[in-house]
Amino acid sequence: MSIHRALRSLAWSLSLVVAVGLTGGAAAHATAAPTDEGSSTTAGRWHTPEEREQSPAERSAPVSPNRLFSAAAAPVNDMLANATKVPSLPFQVSGQPYAGATLEADEPATCRTTDPDQSEYFTDGDRSVWYTYTSPVAQTLTFGGGVSGADSMVIAYTAAAMSDLARISCTETSFRDENHLQARAGGTYLFQVTDDSYGAAPPDTASLWIRASAPLPNLSPATSTALSVPSTVTGSISKVDNNWYAPYDRTCSQDFETMLGSRWYKYVATATTGVRLDLRDSFYDADAVVWASDGSMPTSPLACPRANANDPSTYSKADAYADFAVEPGRTYFIQVGGYHFSVGDYVMKLSTYQLPLLTLMPTPKITGTAQVGSTLTANPGTWDEGTTLTYQWMRNGGSYISGAKQPTYTLSAADAGAQISVAVTASKPGYSGARKTSAPTAVVAKGVLTSATPTISGTPAVGKTVTSAPGAWGPSPVTFTYQWLRGGASISGATSATYTPVAADAGTRLSVTVTGTKSGYTTKTATSTSAVVANGALSGPVPTVTGTTKVGSTLTARAGTWAPAPVTLTHQWLRNGVAISGATAATYKLTSADKGKRISVRVTGTKTGYAPLS
């Protein structure tokens, strides 16, 4: 046995004697059922001088897996992955197998306890078994238990992988037999029963009990209780984690959990005024933080009671109040908790008071053109020195424009037909907030699109596709529609960005009109320059002749395939390149005049809107 373990064992024995002397009765067994605390308590007892002397050495003791009792079969819930599931509360088991329990690699098993002066004490377990519970509602869990015949602990964690486990509460033999944690709805929590035998006989059995409060509606900002002003609210944090941990260390600049335990409230202000939060009638040293918010969650602290100090002995209940200014429509969160180790029932009173008014509160003015796309500027005027100004642009006399909180505002399509005003809100510490709204602008006119002259790419000719490019229009994005024109008149159905001229277009002037549209802007059109549409070009193969070149035989002309179909074909037979009168059919019967001559055929294709091809 190491020296520091022996000393610690002695220290625990001495602490038990001190506890009995103070209470007049034996310390409760680890499996004892919980009892309700009074309306005002100070959580935890002070450590004995022996424990105080031992703590630095104990704090440095390494934690490592212990296989001392590996000869015994390990309990089924020895490993975190095999934690026993707690189906419902209340839950209580005892006499559970423990001999053969071990610590897994990297398994934490340290309970931290503290005195109200924030002195820290650490105790390490040598082996453990695991339990898990998922809370269906927001509630306070009270738990305890241990290992028979051994100095032991029950340590609670938020469910996580082994390497990410973070202790949130724990019990420890001879220090406290029960502790608490604030469970969130749907949250899963792990309970580790572990012992610190320090040479004691091998432990035999483990026990655990868990009980729950009635569902609590305001354990978090998301479930905060709505308040009105004036009002008086009573509540309690009498059962919270009795081990003081760093997340509870209260300062007005820390985020969210800033004190021992918390209950959350929210208040939506209806007027610009001062509000006083008063905790002076509470049954214990109550604390609070007033938070600004984004409407749904706290964002930054606004005020704290003046009773706060770094030493709990300096708490002044006479100063347990805080004043803060509110603005209409804004949501404020109030977090109530215990100052250091103080827990119990609290009484919170909210009342209004008139803040002093600012001296200079001018009405803002708006400059700029009331037209979509234009930028308006708020001129706030001259306010009191040290005043902070914020802006909110509004539509039609009070409808807030989302995100429009700068001194300038660019009018959007949604503003067309509306009147725009701006509210300037002033704040100065110790003064009532002020809000002044400008006169509305004229009705916002639609914006004017910038346009370009569209162009046509490709040579306009019957059967050849041309494409219109609208050019640069703005502000983008702009939606375009097209209308092709023949001699300045609309061509029915020709409304896409491309067009293939037909026979009717041959010899006429082709152009295109582009129309640009954008919500909040006046529709605008622009027309391209025109170009004459040329005849199309036919395509056809060189014809062939079949038949016997003998007087009296008939020759046949094969024209092949011409395009674009349909193409009208005519024939002319030739003798030595000279047209044979009347020989205009697809066939020709050779005569004696043809003897010794060369016979050929000319095929000519014609189609309206196309140049003839022979």
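No experiment lies behind these values; they were computed from the predicted model shown.

Peer 1: Help me understand the overall build of the protein chain in this model?
Peer 2: When helices and strands are counted, the protein chain shows two helices and 46 strands. Within the protein chain, the fraction of its 614 residues that count as buried is 44%.

Peer 1: Honestly, the sheet that holds strand S8 (residues 152–158) in this entry has me stumped. Any pointers?
Peer 2: Backbone-to-backbone hydrogen bonds pair the strands of a sheet. The strands run either parallel or antiparallel. In spatial order, the strands read S2-S6-S11-S8-S9; together these five strands make up an open sheet with mixed pairing. Edge positions in the sheet fall to strand S2 (84–85) and strand S9 (167–172), since each of these pairs with one other strand and no more. By the bridge criterion, seven bridges tie S8 to strand S11 (residues 188–195) in an arrangement that is antiparallel. Counterpart to Val154 in the pairing with S11 is Val193.

Peer 1: Can you walk me through the packing of aromatic side chains in this structure?
Peer 2: In this description, a pair of aromatic rings is defined by centroid distance and the angle of the planes. In the structure shown here, the tally under the stated rule is nine aromatic pairs. Judged by centre distance (5.3 Å) and plane angle (65°), the rings of Phe143 and Phe191 are edge-to-face. Of this pair, Phe143 sits in strand S7 (residues 139–147) while Phe191 sits in strand S11, and the two are 48 residues apart along the sequence. Phe143 gets classed as buried once you look at its relative accessible area, which sits at 0%. Relative to Phe480, the ring of Trp473 lies with its centre 5.3 Å away and its plane at 80°, an arrangement referred to as edge-to-face. For Trp473, a relative accessible area of 9% gives the class buried. Directly above the aromatic system of Trp209 lies the positively charged group of Arg211, at a separation of 5.9 Å from the ring centroid. The lysine or arginine in question, Lys428, covers the ring of Tyr431, its NZ or CZ lying 4.9 Å from the ring centre.

Peer 1: In this structure, what is going on with the sheet that holds strand S34 (residues 498–499)? I would like to understand it.
Peer 2: Spatially, S30-S31-S34 is the arrangement adopted by the three strands of the open sheet, whose pairing is antiparallel. Edge positions in the sheet fall to strand S30 (455–457) and S34, since each has one partner strand and no second. Sheet topology places strand S31 (residues 466–469) next to S34; two bridges connect them, and they run antiparallel. Within S34, the position partnered with Val466 by the bridge is Tyr499.

Peer 1: Please explain the nonpolar core as it appears in this structure.
Peer 2: Soluble globular proteins tend to bury their nonpolar side chains together. In this structure, Trp393, Ile420, Trp484, Tyr499 and Leu510 are the most contacted members of the largest nonpolar core, which totals 40 residues. Mapped by element, the contributors of at least two residues to this core are strand S23 (375–379), strand S24 (388–395), strand S27 (420–427), strand S32 (479–486) and strand S35 (509–517). Each residue touching Tyr499, except ones within four places of it in the same chain, is listed here: Lys464, Thr465, Val466, Trp484, Arg486, Ile491, Ala494, Asp505 and Leu510. Counting residues in each nonpolar core, the second largest holds 29 residues, with Tyr267, Tyr284, Ala286 and Tyr332 among its members.

Peer 1: Teacher, can you tell me more about the environment of Gly144 here?
Peer 2: With respect to the helices and strands, the residue Gly144 is situated in strand S7. Along the backbone, Gly144 and Trp209 are 65 residues apart, and their C-alpha atoms lie at a distance of 5.6 Å.

Peer 1: Sorry if this is basic, but what is going on with the confidence of the model for the protein chain here?
Peer 2: For residues with low pLDDT, the predicted coordinates do not support detailed interpretation. Summarising the model, the protein chain shows a mean pLDDT of 82, and 82% of its residues fall at 70 or more. The low-confidence segment residues 54–70 (pLDDT under 50) makes 35 contacts with residues lying over four places distant or belonging to another chain. With pLDDT under 50 throughout, residues 246–250 is counted as low confidence; its partners more than four residues away or in other chains account for 21 contacts.

Peer 1: I tried to follow the state of the cysteines on my own but got confused; where do I start?
Peer 2: By definition, a disulfide links two cysteine residues through a covalent bond between their sulfur atoms. Taken as a whole and judged by the stated rule, the model has one disulfide. Covalent S-S linkage joins Cys111 and Cys170, the inter-sulfur distance amounting to 2.0 Å. Across the S-S bond linking Cys111 and Cys170, the dihedral sits near 75°, which makes this disulfide right-handed. On the criterion of sequence distance, the pair formed by Cys111 in strand S4 (residues 110–114) and Cys170 in strand S9 is long-range, its members being 59 residues apart.

Peer 1: What am I meant to see in the side chain of Glu107 here?
Peer 2: Looking at the element boundaries, Glu107 is found in the loop between strand S3 (91–97) and S4. Within the local environment of Glu107, its side chain forms a polar contact with the side chain of Ser128, the two groups lying 2.4 Å apart.

Peer 1: Please clarify how the pairing of strand S10 (residues 179–183) should be interpreted in this entry.
Peer 2: Consecutive residues of a regular strand have side chains that alternate between opposite faces of the sheet. A large share of S10 lies buried, amounting to four of its five residues. Inspection of the sheet shows S7 paired to S10 by five bridges, in the antiparallel sense. Within S10, the residue paired with Phe143 across the bridge is Asn179.

Peer 1: Teacher, can you tell me more about unusual backbone geometry here?
Peer 2: That bond from Val229 to Pro230 is cis: its omega, 5°, falls within 30 degrees of zero. In this fold, Pro230 is placed in the loop between strand S13 (225–227) and strand S14 (231–236). Backbone geometry places Asp106, a non-glycine residue, at a positive phi of 65°. When you line up the elements, Asp106 lands in the loop between S3 and S4. One non-glycine residue, Asn576, lies in the positive phi region at around 55°. The residue Asn576 is located in the loop between strand S42 (568–575) and strand S43 (578–579) in this model. Look at Asn576 and you get partly exposed, because its relative accessible area is 47%.

Peer 1: Even after reading the chapter, I still don't get the side chain of Thr331, so can you show me in this structure?
Peer 2: Among the secondary structure elements, Thr331 is positioned in strand S20 (residues 331–338). Dropping the residues within four chain positions of it, Thr331 is found in contact with Lys266, Tyr267, Val268, Ala292, Ser293 and Gly295.

Peer 1: Explain the pairing of strand S12 (residues 205–212) to me, please; I cannot follow it from the model alone.
Peer 2: Looking at chain direction, S3 and S12 are connected through five bridges and run antiparallel. Note that in S12 the partner of Val93 across the bridge is Leu208. The sheet contact formed by S7 and S12 spans seven bridges and is antiparallel. Bridge pairing in S12 places Phe143 opposite Ile210.

Peer 1: Just checking my understanding: could you explain the environment of Val289 for this structure?
Peer 2: With respect to the element layout, Val289 can be found in strand S17 (residues 286–293). The spacing of Val289 and Leu302 is 13 residues in sequence and 7.5 Å in space, taken between C-alpha atoms.

Calculation criteria
- Residues numbered from 1 in each chain as written.
- Predicted model: local features only at pLDDT ≥ 70, side-chain atom pairs only at ≥ 80, totals over all residues.
- Heavy atoms only, no water.
- Helix = DSSP H or I, 4+ residues; strand = E, 2+ residues; numbered from the N terminus.
- Buried < 20%, exposed > 50% of the residue type's maximum accessible area, 1.4 Å probe, protein only.
- Pairing = 2+ DSSP bridges.
- Phe/Tyr/Trp six-rings, centres within 6.5 Å; stacked < 30°, edge-to-face > 60°.
- Lys NZ or Arg CZ within 6 Å of the ring centre and 35° of its normal.
- Core = buried A, V, L, I, M, F, W, Y, C linked by side-chain atoms within 4.5 Å.
- Contact = heavy atoms within 4.5 Å.
- pLDDT = per-residue confidence, 0-100.
- Disulfide = S-S within 2.5 Å.
- Polar contact = N/O pair within 3.5 Å; in protein donor to acceptor, adjacent residues only side chain to side chain.

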